[in-house]
Amino acid sequence: MSNKKQRKAREIPEALRGKTFLDAKYGPAFRALLSEDEAIRDFLNSILRLEPGRRIKTLEYTFEDPLDFRTPERKTLIFDVHAWTEDHRCLDIELQRATHSFFIDRVLLYSAFLAIKGRQKLENSPEFKSLDENERSYRRYELPEVISIWLCNFHPLGNGREYHDEWKLYSQSDLAHKKAVPVSEKLRYILVDLPEFARVCKNPESNEAKWLYLVAKAGDEEELPDFGDPVFERAADRIRVNSASEELLKRQAREMVTQDEIDVRLVDAERLGLQRGMQKGLEKGMQKGLEKGEKLGMAKGEKLGMEKGMKSVARKMLAKGSPLSEIADITGLSEKEIRALKKS
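On a predicted model such as this, the values are computed, not experimentally measured, just so you know. Residue numbering note: each chain is counted from 1, following its sequence as written. Two thresholds apply to this predicted model, a pLDDT of at least 70 for residue-level local features and 80 or more for giving and counting side-chain atom pairs, whereas whole-chain, interface and lining totals are computed over all residues. The basis for every side-chain value is the complete set of heavy atoms in the structure, and neither hydrogens nor water enter the calculation.

## Here's the deal with the overall build of the chain
Consideration 1: A run of DSSP states H or I qualifies as a helix once it reaches four residues; a run of E qualifies as a strand once it reaches two. Both are numbered from the N-terminal end. The number of helices and strands found in the chain is 15 helices and six strands.
Consideration 2: Each of the 344 residues in the chain was classed as buried or not, and the buried ones make up 41%.
Consideration 3: Every residue pair with non-hydrogen atoms within 4.5 Å of one another is taken to be in contact. The contacts of the chain with a sequence gap of at least 6 include a subset with a gap of at least 24, amounting to 64%.
Consideration 4: Element-wise, carbon and sulfur atoms account for 49% of the exposed surface of the chain, whose accessible area totals about 19,700 Å². For every residue, the accessible area obtained with a 1.4 Å probe (protein chains only) is divided by the maximum for its type, and the residue is called buried under 20%, exposed over 50%, and partly exposed between those limits. For the area figures, the Shrake-Rupley method with a 1.4 Å probe applies, and any residue is considered shielded solely by the protein chains shown.

This is the structure in C-alpha cells:
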C-alpha cells in the first residue's frame, strides 16, 4: 500500500473506520449528499411528489443559515436546509434524530418562523417591489407557499403508519361531514418516518425512494443498489468515506453524538423516571405515610431517570464505536458499567 493510502486511512476518525458510506441521518453527511443544485432540486421534487407542471426548476438554498427573530426576545433559529424557489415557495428540511415531548410544537414553531421569513423574502422580491402602492397594500397579508419537511429517525406518528405523511389546515366542520379539503394550500408539513421506510423498502425504484434509501440506509451498507442515474451516483460518492474530505469526516464524527440530542433524551428520561418514582412512592406511602412516600418516590424517580438516560446515551455511543473513556466522561458511568452494558 502506498504512503498516501496509509496516511488517508489514519486520517479517518475512529467512529467511521470500517464504514463505506457516511450516515446521512447526521447533518454533515446529509448536507454533502444534497450539495449540488440538481441533487437538492430532485430531492425536493421527489419528496413533495410534485406534478410536472409544479416541479421546481430553479432555487436558492442555504445550509445551517442562522435566522434571527424577536418574539419579543431575540431568538436565533437554524434551519438544516432553507430553500426559496423561483415561484416563491419557501421550504425548510429538518433532520430529527430523536423525539421529545414537544416535537409537534417544534414542527409548528419552525413552520411559523418559515412563514415569517417567506413573507419577508416575498416583500423583497423584484416582482413584489414592482407592484404599485395600491397593489402592495392589497397584498399586505399574502403568504408564499410554506413547506416544512421533517426527516425523522423515529416513528413520529407511532408504529404501523405509512412512512410518508402530509399535514395541512382543515375545517373541523368539513371533516365531520367527510368533505374535507384544505382551508389553505399555503401551509404544508411533510413528515417522513425513516425507520419505517427502511423496514418496507428493499428495492428503491422511484426517485423519492432512492433519496430516502441514501438517507436512511447508506450509512449501514457496504454496497448500494445501481440507481442508474448520475445524480444519485455523484450524491453517493460525496458521502463515500474514502472520497470524502478530511474536514467532512471530522465534522461527521463530531456530530455523531451531539450534546443537544443527549440533553433532550436525558430530560425526557428524567421526567419519565420521576413520574414512575412518584407512583411507586405514593403506593408505599399508603402504608408508611403519604408525605414520606412522596419524598421517597420523587428521589427514586430522579435516580431512575438519570440512570436510564445515561445508559441510553452509553448504548448509543457503544453502537457508534465510541471509546470507553469518552463514554465515561459524558455519562458519568464507570468503564466497568459500560462494559456490562456492551455485553447485555
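## Some words on helix 4 (residues 103-123)
Consideration 1: Compared with an ideal rise of 1.5 Å per residue, which puts 21 residues at 30 Å, helix 4 spans 31 Å between its outermost C-alpha atoms and is within 8% of the ideal.
Consideration 2: Of the positions making up helix 4, those classed as buried are Phe 103, Val 107, Tyr 110, Ser 111, Phe 113, Leu 114, Ala 115, Gly 118, Arg 119 and Leu 122. Helix span is expected to be 1.5 Å times the residue number reduced by one.

## Structural notes on the pattern of salt bridges
Consideration 1: Each reported salt bridge corresponds to a side-chain nitrogen of Lys or Arg within 4 Å of a carboxyl oxygen of Asp or Glu. Scanning the model with the defined rule gives 22 salt bridges in all.
Consideration 2: Arg 240 serves as the salt-bridge partner of Asp 237, at 3.5 Å between the closest nitrogen and oxygen.
Consideration 3: Note on Asp 237: relative accessible area 37%, which makes it partly exposed.

## A closer look at the sheet that holds strand 5 (residues 164-169)
Consideration 1: With mixed pairing, the six strands of this open sheet are ordered in space as 1-2-3-4-6-5. Pairing within the sheet leaves two strands with one partner each, and these edge strands are strand 1 (59-70) and strand 5. On average, adjacent strands in this sheet sit at an angle of 25° to one another, irrespective of strand direction.
Consideration 2: Note that strand 2 (residues 74-85) and strand 3 (residues 89-96) share four bridges and pair antiparallel. What sits directly across from Trp 84, in strand 3, is Cys 90. Paired strands are those between which DSSP finds at least two bridges. The axes used here are C-alpha line fits, helices contributing only the stretch in contact, and every angle between their N-to-C directions lies in the interval 0 to 180 degrees.

## Points about the side chain of Asp 193
Consideration 1: Position of Asp 193 among the secondary structure elements: in strand 6 (residues 184-193).
Consideration 2: Buried and without a salt bridge, Asp 193 has Arg 199 as its closest oppositely charged side chain, separated by 8.2 Å.
Consideration 3: Setting aside residues no more than four positions away along its own chain, Asp 193 makes contact with Cys 152, Phe 154, His 155, Pro 156, Gly 158 and Tyr 163. Only four residue types enter the charge count, namely Lys and Arg as positive and Asp and Glu as negative; His and the chain termini do not.

## Remarks on the environment of Asn 203
Consideration 1: You can see Asn 203 is positioned in the loop between helix 8 (194-200) and helix 9 (207-217).
Consideration 2: Judged by its relative accessible area of 53%, Asn 203 is exposed.
Consideration 3: Sequence separation between Asn 203 and Tyr 213 is ten residues, and the spatial gap between their C-alpha atoms is 9.0 Å.

## Some remarks on the nonpolar core
Consideration 1: Core analysis: the biggest nonpolar cluster contains 54 residues, and Leu 44, Leu 151 and Trp 211 have the highest contact counts within it.
Consideration 2: Residues belong to one nonpolar core when they are buried, are Ala, Val, Leu, Ile, Met, Phe, Trp, Tyr or Cys, and are joined through side-chain atoms within 4.5 Å. If you look at the next biggest cluster of nonpolar residues, it comprises 21 residues, including Leu 77, Phe 79, Leu 114 and Val 146.

## Here's the deal with helix 9
Every α-helix carries 3.6 residues per turn, so stepping three or four residues along brings you back to the same face.
Consideration 1: Taken across its eleven residues, helix 9 has ten buried, putting it largely inside the fold.
Consideration 2: If you check which residues of helix 9 are buried, you get Glu 208, Ala 209, Lys 210, Trp 211, Leu 212, Tyr 213, Leu 214, Val 215, Ala 216 and Lys 217.

## Concerning the packing of helix 3 (residues 37-47) against helix 9
Consideration 1: Viewed as axis vectors pointing N to C, helix 3 and helix 9 meet at an angle of 115°, and their least axial separation amounts to 8 Å. Relative to helix 9, helix 3 is oriented roughly perpendicular. Our pair here, helix 3 against helix 9, has a crossing hand that is left-handed. Along its contact with helix 3, which presents Ala 39, Asp 42, Phe 43, Ser 46 and Ile 47, the element helix 9 presents Asn 207, Glu 208, Trp 211 and Leu 212. For classification, angles of less than 35 degrees are called roughly parallel, those exceeding 145 degrees roughly antiparallel, those between 65 and 115 degrees roughly perpendicular, and all remaining angles oblique. In this scheme the crossing of two helices becomes right-handed for a clockwise turn of the near helix relative to the far one and left-handed for an anticlockwise turn of less than a right angle.

## Some remarks on unusual backbone geometry
Consideration 1: Phi is positive for Arg 49, close to 55°, though the residue is something other than glycine.
Consideration 2: Along the polypeptide, Arg 49 turns up in the loop between helix 3 and strand 1.
Consideration 3: For Lys 178, which is not glycine, the phi dihedral falls at a positive 55°.
Consideration 4: Structurally, Lys 178 can be placed in the loop between helix 7 (172-176) and strand 6.

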